[in-house]
Amino acid sequence: MIKATALVAAVLMLVGGCSGKSQNGNPTGTPSPISTTPTPQPPDPGSTPTAGSVPVDLAGDRYVALATALHRRGVAIWWETDLVAKWLEGPAAFDQAIARLGQLAKVPGTAGFKISDEIGYGDGLTSPAQATDFLTQAHRRLAQVAPGKQILVDAVVPELGCLPWRGGNQEGCAQRVRQKYPAATAAAVESYLRAHLIDRLDLSSGLLDDSTYAQWGLDRRAAQTDIWKRIRAQGWGSMTILQSRKALADADGYQGSADQAASDAATYVDVPVAAGAQAVDIWTWRQRYQGKIVSLLAPDLRVNPLWTAMLQRHRQGVRLITHLTPSTLPTDSASYNHECDLAAQVFTAVFVAAGTGQ
């Protein structure tokens, strides 16, 4: 994603300004004033920044710089890596990634690692047994190099969106996706939880389109409510720290109207939180996706209705998380600092790219 020489200069420049962002550095050693103090949150072991961590000597590392910048603004850090891809690549690649995560574990503010993106859902893991093998090895190795740090896995469980407990067409829908994604079924995910292989689960409920639900006599929000009621009844929240996730970024920022933003916030934040989700992962601050740059805010960082809705919920104590990677951040100190400040206004934790080459 990044060019070597230009980046090294940028990193050295930006490290000071944004209090250590993971992408580009700062020329000054003094962080700019923080515009907003994050709303105090209730204690949440593993999602709050760790006090007293020993700084790791990774001078010039743009990922560490970003994490440091955010941590100084009161944001907890989760290192994000596609460890599944490294594991499938072979022992050498897996070992190298584990070693890198072991280094990053020492960075102040580190809560843990997001090691899988939609486990079993088109990621190369084709059976529950294979996914269990991966999780077991990852859990064991990370416990060795990063004791006390948590493992977070994100998952989409497509059968949940089918509402199979309603029977009929819904069960047929669920059967089809179970066959297609055997390592991402509800039963498979529950088996990983029961084996205590996932400290935190970032869960997408696999909602279908509005027209499908209309045929079944309900809308998306009603379906989401039904799904999270079912998840709660299954007791998943007692087996892991349960979180919700939803992609709401778009090209040139969120494009919805005020009414759409209110609906999205209610469906994807309020419903899961009311059912016991401890936090909500909102993808993404800014990232290249399918040939476009998608983001929550417009390129000029104008506030939009979704941002207003998220800020309101943050102030009410809802924990929100997003994703940041150095390659999509500005390289000048003032802009870099401003984006750090903005992120800290709404998000209590951030998934920072780990720089493992995925």
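Residues numbered from 1 in each chain as written. Predicted model: local features only at pLDDT ≥ 70, side-chain atom pairs only at ≥ 80, totals over all residues. Heavy atoms only, no water.

A.B. asks: What should I look at first to understand the overall build of the protein chain in this one?
C.D. replies: Broken down by element type, the protein chain carries 13 helices and 11 strands. Every one of the 358 residues in the protein chain was classed for burial, and the buried ones make up 55%. Of the contacts made within the protein chain by residues no fewer than 6 positions apart, 79% connect residues no fewer than 24 positions apart. Total accessible area computed for the protein chain in this model is approximately 14,900 Å², and 53% of it derives from carbon and sulfur atoms. (Helix = DSSP H or I, 4+ residues; strand = E, 2+ residues; numbered from the N terminus. Buried < 20%, exposed > 50% of the residue type's maximum accessible area, 1.4 Å probe, protein only. Contact = heavy atoms within 4.5 Å. Areas by Shrake-Rupley, 256 points an atom, 1.4 Å probe, with all protein chains shown as cover.)

A.B. asks: Help me understand the packing of aromatic side chains, please; the structure alone is not making it clear to me.
C.D. replies: Any aromatic ring pair is given by two values, namely how distant the centres are and how the planes are angled relative to each other. Taken as a whole, this structure holds seven aromatic pairs when the rule is applied. For the pair Y213 and W216, a centre-to-centre distance of 5.8 Å together with 75° between the ring planes defines the contact as edge-to-face. In this pair, the class of Y213 matches that of W216, namely buried. On the basis of an interplanar angle of 65° and a centroid distance of 5.9 Å, the ring pair of W285 and W307 is categorised as edge-to-face. Of this pair, W285 sits in the loop between β7 (280-283) and β8 (286-289) while W307 sits in helix α12 (residues 305-315), and the two are 22 residues apart along the sequence. W285 gets classed as buried once you look at its relative accessible area, which sits at 3%. (Phe/Tyr/Trp six-rings, centres within 6.5 Å; stacked < 30°, edge-to-face > 60°.)

A.B. asks: Honestly, the nonpolar core in this entry has me stumped. Any pointers?
C.D. replies: Taken as a class, soluble globular proteins show a tendency for nonpolar side chains to be buried jointly. Judged by nonpolar contacts, the single largest core of 93 residues is most densely connected at W79, L83, I115, F134, W236 and F347. In this structure, W78, A111, L152 and A279 belong to the second largest nonpolar core, which totals eight residues. (Core = buried A, V, L, I, M, F, W, Y, C linked by side-chain atoms within 4.5 Å.)

A.B. asks: Whenever I open this one, the sheet that holds strand β9 (residues 292-295) confuses me. Can you help?
C.D. replies: Strands belonging to one sheet form pairs held by backbone hydrogen bonds; the direction of such a pair is parallel or antiparallel. Taken together, three strands build an open sheet; the order of strands is β6-β9-β8 and the sheet is antiparallel. Bordering the open sheet on either side are β6 (250-251) and β8, each of which pairs with just one other strand. Note that β8 and β9 share four bridges and pair antiparallel. Bridge assignment links R288 to a residue of β9, and that residue is I293. (Pairing = 2+ DSSP bridges.)

A.B. asks: Explanation requested: the confidence of the model for the protein chain in the structure shown.
C.D. replies: Should pLDDT be low for a region, the predicted coordinates there are not to be read in detail. When pLDDT is averaged along the protein chain, the result is 87; 84% of the residues meet or exceed 70. With pLDDT under 50 throughout, residues 1-55 is counted as low confidence; its partners more than four residues away or in other chains account for 177 contacts. (pLDDT = per-residue confidence, 0-100.)

A.B. asks: What am I meant to see in the environment of G112 here?
C.D. replies: With respect to the element layout, G112 can be found in strand β2 (residues 110-116). By relative accessible area, which is 0% here, G112 ends up buried. Spatially, the C-alpha atom of G112 lies 9.0 Å from that of E80, the residues being 32 residues apart in sequence. In contact with G112, other than residues within four places in its own chain, are I77, W78, W79, K149 and Q150.

A.B. asks: Please explain the side chain of R100 as it appears in this structure.
C.D. replies: Assignment of secondary structure puts R100 in helix α4 (residues 91-104). We classify R100 as buried; its relative accessible area is 13%. Side chain to side chain, R100 and D61 meet in a polar contact 2.8 Å long. Not counting residues up to four positions away in its chain, the partners in contact with R100 are L58, D61, Y63, A354, G355 and T356. (Polar contact = N/O pair within 3.5 Å; in protein donor to acceptor, adjacent residues only side chain to side chain.)

A.B. asks: What's the story with the packing of α4 against helix α5 (residues 128-145) in this structure? I'm lost.
C.D. replies: What describes two packed helices is the angle between their axes and the distance between those same axes. With their axes 9 Å apart at the nearest point, α4 and α5 run at an angle of 40° to one another. Classed by the angle they form, the pair α4 and α5 counts as oblique. Judged by the twist between their axes, the crossing of α4 over α5 is right-handed. Taken together, the residues of α5 that come into contact with α4 (itself represented by F94, D95, I98, L101 and G102) are F134, Q137, A138, R141, L142 and V145. (Axes fitted to C-alpha atoms, helices over the stretch in contact; angles between N-to-C directions. Parallel < 35°, antiparallel > 145°, perpendicular 65-115°, else oblique. Left-handed = near helix turned anticlockwise from the far one by under 90°.)

A.B. asks: How do you make sense of the sheet that holds strand β5 (residues 241-247) when you look at a structure like this?
C.D. replies: Spatially, eight strands are ordered β1-β2-β3-β4-β5-β7-β10-β11 in a closed barrel, and the strand pairing comes out parallel. Across the sheet, the mean angle separating the axes of adjacent strands is 30° when strand polarity is ignored. Pairing of β7 with strand β10 (residues 320-324) involves two bridges; the strand directions are parallel. Note on β10: the bridge partner recorded for V280 is L320. With respect to the sheet, helix α2 (residues 62-72) is in contact with β1 (76-80), β10 and β11 (349-353), its orientation differing from that of β1 by roughly 155°.

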